[in-house]
Amino acid sequence: MKRRLVDLSVCLVPIPTIICILFWVFGQTFFLQLNQKYWDLLFIDALSLTFLIFIAILGTIIYSFAFRNLKGDLHRTRFLFFLGSTLWVVQGLAVCGNFALFIVFWVLTSFGLHQLLQHFKHRPGAVIVAKEKFLISRLGDFALIAAGVLIYLHFHTWDFAEWILIFAQDPDVNVFPIAALLVIGALTKSAQVPFHAWLPRTLEAPTAVSALMHAGIINAGGYLLIRTYSLISHSESAMVLLIGCGVVSSVWGILAMQMQADIKRRLAWSTIGQIGFMMIEIGAGLPGLALLHLIGHGLYKANSFLSSGQLLAYTSLRRIPSLANSIAGLCLWSLLSLLGIVAAAWFSPSHVLMAYLISALLLPLVHISVLQTSLRAMLKRLFVTLFVAVSSFIIGIYASFWFGLHESLPTEGLRVAVLTGAIVTFLLLSLMAVFQPLCQSWRWYQWLYAYGLHGFGFGRWPEALADRFFSKKERHI
Amino acid sequence: MKPIVTQVLREIPPLWELDRFVAVNPFLGLSDKPFSEALAELETIWQRPVLPGEDGRPIPLEQPHWRPDTAATLLGPFLASYYDKGQAIWPAPWKNKPLFHAWLSSLPGSTGLVGESSKLLKKIVKTLPSDLNLVWDYLINENKLDASQWKRHLQILLAELPGWAAYLRRRAWPEDPGIDSELSALTAILVILNQVVELESKWPQHLMPAFRDRLKWFTFREAGLKEVLAKIVKQPLEEVKTPDVRAAFCIDVRSEVFRRAWEDLSPRILTDGFAGFFGLPISWQGSESTEHLLPVLIAPALNLKPMQPMEKQDRTFKSDLVSGPQGLAFVEVGGGFSLLSLLQGVKAKLKKDPYAGIEEAARALPTEQKVALVAGILKNLGWCAPWAPLMIFIGHGSTSVNNPHAAGLDCGACGGLTGEANARCAAALCNDPDVREGLRPLGWDIPASVLFLGGRHDTTLDEVKLFTSEAPEAWKDSIINVEAQLKRAGAKARAQRLILFPFLKRSAYVRSKDWAETRPETALAGNVFFIAAPRSVTRELNLEGKAFLHSYQADLDSDGSTLELILTAPVVVASWINLQYLASTAAPEVYGAGDKVLHTIVGGIGVSEGNNPDLKFGLAKQSVDFEAYPYHMPSRLHVLIQASQSNIERVLNKHAEVKKLVENEWIHLFAFETGRPLTQRTLNGWQLVS
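Calculation criteria
Residues numbered from 1 in each chain as written. Chains lettered and ligands numbered in written order. Predicted model: local features only at pLDDT ≥ 70, side-chain atom pairs only at ≥ 80, totals over all residues. Heavy atoms only, no water. Helix = DSSP H or I, 4+ residues; strand = E, 2+ residues; numbered from the N terminus. Rg over C-alpha atoms; globule rule 2.2 N^0.38 Å. Buried < 20%, exposed > 50% of the residue type's maximum accessible area, 1.4 Å probe, protein only. Contact = heavy atoms within 4.5 Å. Areas by Shrake-Rupley, 256 points an atom, 1.4 Å probe, with all protein chains shown as cover. Buried area = accessible area lost by both parts, 1.4 Å probe. Salt bridge = Lys/Arg side-chain N within 4 Å of Asp/Glu carboxyl O. Polar contact = N/O pair within 3.5 Å; in protein donor to acceptor, adjacent residues only side chain to side chain. Nonpolar A, V, L, I, M, F, W, Y, C, P; charged D, E, K, R; others polar. Patch = residues over 30% accessible without salt bridge, like charges linked within 9 Å, V, L, I, M, F, W, Y side chains within 5 Å. Phe/Tyr/Trp six-rings, centres within 6.5 Å; stacked < 30°, edge-to-face > 60°. Lys NZ or Arg CZ within 6 Å of the ring centre and 35° of its normal. pLDDT = per-residue confidence, 0-100. Pairing = 2+ DSSP bridges. Axes fitted to C-alpha atoms, helices over the stretch in contact; angles between N-to-C directions. Parallel < 35°, antiparallel > 145°, perpendicular 65-115°, else oblique. Disulfide = S-S within 2.5 Å.

**Some thoughts on the overall build of chain A**
Stage number 1. Looking only at helices and strands, chain A has 21 helices and zero strands in total.
Stage number 2. Against the globule reference of 23 Å for 477 residues, chain A gives a C-alpha radius of gyration of 23 Å, in line with a compact fold.
Stage number 3. By its C-alpha atoms, chain A is 70 × 55 × 45 Å across when sized along the principal axes.
Stage number 4. Residues counted as buried form 61% of the 477 residues belonging to chain A.
Stage number 5. Of the contacts formed within chain A by residues at least 6 apart in sequence, a portion of 79% connects residues at least 24 apart.
Stage number 6. A total of about 18,800 Å² of accessible surface is found on chain A, and carbon and sulfur atoms cover 73% of it.

Below, the structure is given as structure tokens:
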């Protein structure tokens, strides 16, 4: 009997989402007698519905994977319980309309994940990472609680919907402390530099936990920023902070990712880079694009983790380009991006920075296309390059509008300067990706690579802290 | 002192790449010593119990306290990048240097050390000579240790990084690793690092039964197995007169279940067991690499090539899109497509026939060579008149998705590849009119009414696929008939397996396609017997997939050469498999591959578990137990041969390595002759089994 219930439990995962959708569709007719007070706890709009459905689909897939993957594990039922409840909490996080409730869900997510990370309790490595994550999460909780207090002092309400109205009346209110705290909270949740070190070490948990974490929970930081975008976008300094951390994390993650010969570790570093890029998008005033990035990345990363057992996919040798190859690639890219940027500037002049950014990112792909020996492989890659460039530009322009988010593109000042810096940084990163095969024997490259193997060695402080902090306490017990 | 070093290195067992999985005897370097002595010594090296407790379950252990720097974290990432087969997107810049120099140029970053210890390492490295030989001189001079201390020191250091050490041992295989080998370089690096960081892990002391007691329990549990052997000896001999079909399977224990299911359908079906490469020492120039289709203990003698070179697949496309800066832009618009893959799971790729044209390639060999090969196969199989109209060679493979250990489920006799190619080649050669002509003077008169076929037994699905594309029209009906029989036998075998392993529950067809499945099949779990006798001896017995069945007819083997072959090759391979299972179940902490849900593929070479960057060898927890109930009980291989003691003794005297296996009790060897009682070969000669 108990087994049967466990078998059916996968159907329970998307229930909060289904309830919310029913509320949204039939709320007007059937649930009107409900007190308005309870209604306000939910905030159903295009943004939360999109995130909710994303979590529900992803959660169901991950749950059903874990269900079969952990067959034969003594503690499977406990694991599934915590996985399911964490998924419920994340769905609650997506749909709640009240910041105090949001914090509660936020903390609960972290506790659920703590249990999942410690599934193999007998493994010292698993326990130490869970503790490390625990410490960093509490730091984020403090930031968020402080933000909550400040918000209440400022606006006298925790209701997301009401803030927007308040801002509409008084756009000049100083919100920097609140925005900065929210940004810090998001950075801890999303494993951004300097709070990133625990993420690549969470491989001591089952694959399904990695999939959930990288696709769902890490995104909560990004979701928080998109949800409170109307607030944080009022603070130019907070946005600059966000872009700064985003650029550092992004470059850090991408560099370390290229050097990992271990598939799950590579995926973990890639997450840090990808989420960093999402932070840049939010900072650049494109929350809609960031939401799409969050969903696209979540789906891609969950799939990559769950299918990481395919051996053949990882033993392909890459062609080593010559200097002439690289120059040819560079020329083709210059031509294409010139055309692209001119077209973009004509189509939507206010988004031209985005066009620069996209073209900087796509340089390695154009270069790889040039390297191909067969015409078919080359055209395949060039076509994808074109598809990515055009569609991400168009999505970038319209996405915020689709989700009913207000866009705040920078036109002048510090943010434009920082964004330009980001574009230059990405261009340098791309150039490095192109010319890296040619600098194999250079001392600085070997030095960089050696440090990159361990993620540039900045990861020790939380580990050591967790070891010291917790082992003493345990001795007393 | 250097001979001590190389002696320690020789004791390391090799570890093969994932796609060329070989079940390795983890006690390989120690078979010179008696079983009990070797295990007692290993327990002092690992500082953990190797023999199980009273109930046959491994003794539960408390892990040592967490440390930031272990041998694995200091060296694992560097070794992975150095030996990477194309998994890292940027290749390591020191790949073209020898291991020791590569390590030096990766310092200090690649160790991940910071602060004082990093500085100390730099200082030590500066004083080192550049030649590995001189480095050893230097290290031996500096560490004032006597021979036995050195040996123990090195053994303990290597036990901190056993996976990578084993992989490096395989790179030198089959040669012994010398002082200038990569494994020696790794050992030197460990010695150097040990001067900076204390590498030896401190295992907490735990109470456990004395080794002597555990050995007693272990041998006591094995004693019960002799009863099964006694039952076999008492079987009456029944000859199948004129079989309709005669098929040779691999000796693999999984074949036993299928063979029994098939033979139950009709008394006119006769199956034989033989090493799954059917005695064809071939390698095949495949689309990706050269595949050695034979046991690792033998070197390939014939290289077959397809008429047109096979096309290489473009596999870099996906990683080109999602890696590096372009990945940031790509997942935004392309990530959504992953939803489709998420909903489907990983799908098995429908590959084009990987061995297309292998028959032609085999037929293109010179006639004398072909005749010699076929004569060898027929003699060792004991195949002679009366011939069945259909003679089938059946190799085996497996089906699973998203499984890094997939090659481990394929034929162990063929280096982690399927036995399909060998079966097809053998059939093609036997059907060759030139070959049949050449065989006639040698005593094999195969009539034209006999057709040989190749087949593939899928051990996950228990399905046999026959390769009939070259079969003449005249045999069409009988082939259809046999295929229908095989289908029924498959259904029976699947049902049998669910009885043997009830926890599998779901249908094999579901398991083989499920990307979340960790037990697509139970592989060789349960193996404990090796029986070399005519099939009629075991035909009426249900051996529950526990026996390697090799067909052997002593009366057809007057010169004893087949017996010699059986004892030196299949028995040794089976004992490797058996001892791998024994080690992985008796001491999973030391010799097991850990938990499959924590595995991550490293460098396309192997898997590591969780955060520990050392490679894992042996069998995963999922391959040997379910909810902490083992479905393989550790016990040594019981070899039973129907032959005279004197013939067996002659082989043992000729091959010291087999004699060592028997006398040092790594395997138990039994012999019987028709109508005579069962005897066991012990250290003191042959003894009656009561």
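**Topic: the interface of chain B and chain A**
Stage number 1. Of the residues lining the interface, 92 residues belong to chain B; the matching set on chain A comes to 99 residues.
Stage number 2. Both faces considered, chain B and chain A share a buried interface measuring about 8,500 Å² in area, 61% of it formed by carbon and sulfur atoms.
Stage number 3. Inspection of the chain B/chain A interface yields three salt bridges.
Stage number 4. The closest approach of N and O atoms between D514 of chain B and R68 of chain A, which form a salt bridge, is 2.5 Å.
Stage number 5. At the junction of chain B and chain A, the tally comes to 27 residue pairs in polar contact (both at pLDDT 80 or more).
Stage number 6. Elements represented by at least two residues in the side of chain B that touches chain A include exactly α3 (71-83), α4 (99-106), α13 (317-322), α14 (324-334), α15 (338-344), β11 (599-602) and β12 (606-609) of chain B.
Stage number 7. With 10 residues, the single largest contributor to the side of chain B that touches chain A is α14 of chain B.
Stage number 8. Looking at the side of chain B that touches chain A, its residues break down into 41 nonpolar, 33 polar and 18 charged.

**What to know about a nonpolar patch on the surface**
Residues and elements named next belong to chain A.
Stage number 1. Together, W346, F347, L386, V390, I394, Y398, F401 and W402 make up a nonpolar patch on the protein surface, roughly 950 Å² of accessible area in all.
Stage number 2. Mapped onto the nonpolar patch, the elements with two or more residues apiece are α16 (323-347) and α18 (375-402).
Stage number 3. Counting residues per element, the nonpolar patch draws most heavily on α18, which supplies six residues.
Stage number 4. Residue placement: Y398 occurs in helix α18.

**Concerning the packing of aromatic side chains**
Stage number 1. Here the structure, examined in full by the defined rule, presents 49 aromatic pairs over all chains.
Stage number 2. An angle of 45 degrees between the planes, with centres 6.5 Å apart, marks the rings of W346 of chain A and F347 of chain A as tilted.
Stage number 3. Taking relative accessible area as the criterion, W346 of chain A reaches 71% and is therefore assigned exposed.
Stage number 4. Measuring from centroid to centroid gives 5.6 Å for W46 of chain B and Y591 of chain B, while their planes differ by 75 degrees, and the two rings are edge-to-face. Here Y591 of chain B lies in helix α26 (residues 588-591) and W46 of chain B lies in helix α2 (residues 35-46), a separation of 545 residues in the sequence.
Stage number 5. Members of the aromatic cluster, joined through ring pairs, are W442, W444, Y445 and Y449 of chain A together with F78, Y82, Y83, W90, W94, W164 and Y167 of chain B.
Stage number 6. The lysine or arginine in question, R76 of chain A, covers the ring of F67 of chain A, its NZ or CZ lying 4.5 Å from the ring centre.

**So, the confidence of the model for chain A**
Note: predicted coordinates in regions of low pLDDT should not be interpreted at a detailed level.
Stage number 1. Averaged over every residue, the pLDDT of chain A is 88; the share at 70 or more is 93%.
Stage number 2. Contacts of residues 473-477 of chain A to residues separated by more than four positions or lying in other chains number one contact, the stretch itself having pLDDT below 50.

**Quick notes on the sheet that holds strand β19 (residues 685-688) of chain B**
Residues and elements named next belong to chain B.
Stage number 1. Here we have six strands laid out as an open sheet, ordered β10-β9-β16-β17-β18-β19, and mixed in their pairing. Unpaired on one side and paired on the other, β10 (547-550) and β19 mark the two borders of the sheet. Within the sheet, the average angular offset between the axes of one strand and its neighbour, ignoring direction, is 25 degrees.
Stage number 2. With four bridges joining them, strand β9 (residues 529-532) and β10 adopt parallel strand pairing. Pairing of A532 across the sheet is with H550, part of β10.

**What to know about the packing of helix α6 (residues 99-117) of chain A against helix α11 (residues 219-227) of chain A**
For any two helices packed against each other, the geometry is given by the interaxial angle and the distance between the axes.
Residues and elements named next belong to chain A.
Stage number 1. Packing of α6 against α11 brings their axes to within 12 Å, and their N-to-C directions diverge by 175 degrees. Between α6 and α11, the crossing angle belongs to the class labelled roughly antiparallel. Along its contact with α6, which presents F99, F102 and W106, the element α11 presents A220, G221, Y223 and L224.
Stage number 2. Among the residues making up the contact of α6 with α11, the classes are represented as six nonpolar, one polar and no charged.

**Some remarks on the state of the cysteines**
Stage number 1. Counted under the stated rule, the structure contains zero disulfides over all chains.
Stage number 2. C425 of chain B carries a free sulfur, and the closest cysteine sulfur to it, the one in C430 of chain B, is 11 Å from it.

**As for the sheet that holds β12 of chain B**
All names here are of chain B.
Stage number 1. Strand order in this open sheet of three strands is β11-β12-β13, and the pairing throughout is antiparallel. This sheet does not close on itself; its edge strands, each paired only once, are β11 and β13 (612-615). Sheet twist, expressed as the mean angle between neighbouring strand axes with direction ignored, is 40 degrees.
Stage number 2. As paired strands, β11 and β12 are joined by four bridges and run antiparallel to one another. Its bridge partner being in β12, I601 is matched across the sheet by V607.
Stage number 3. Set on the sheet, α3 makes contact with β11 and β13; between it and β13 the angle comes to about 60 degrees.

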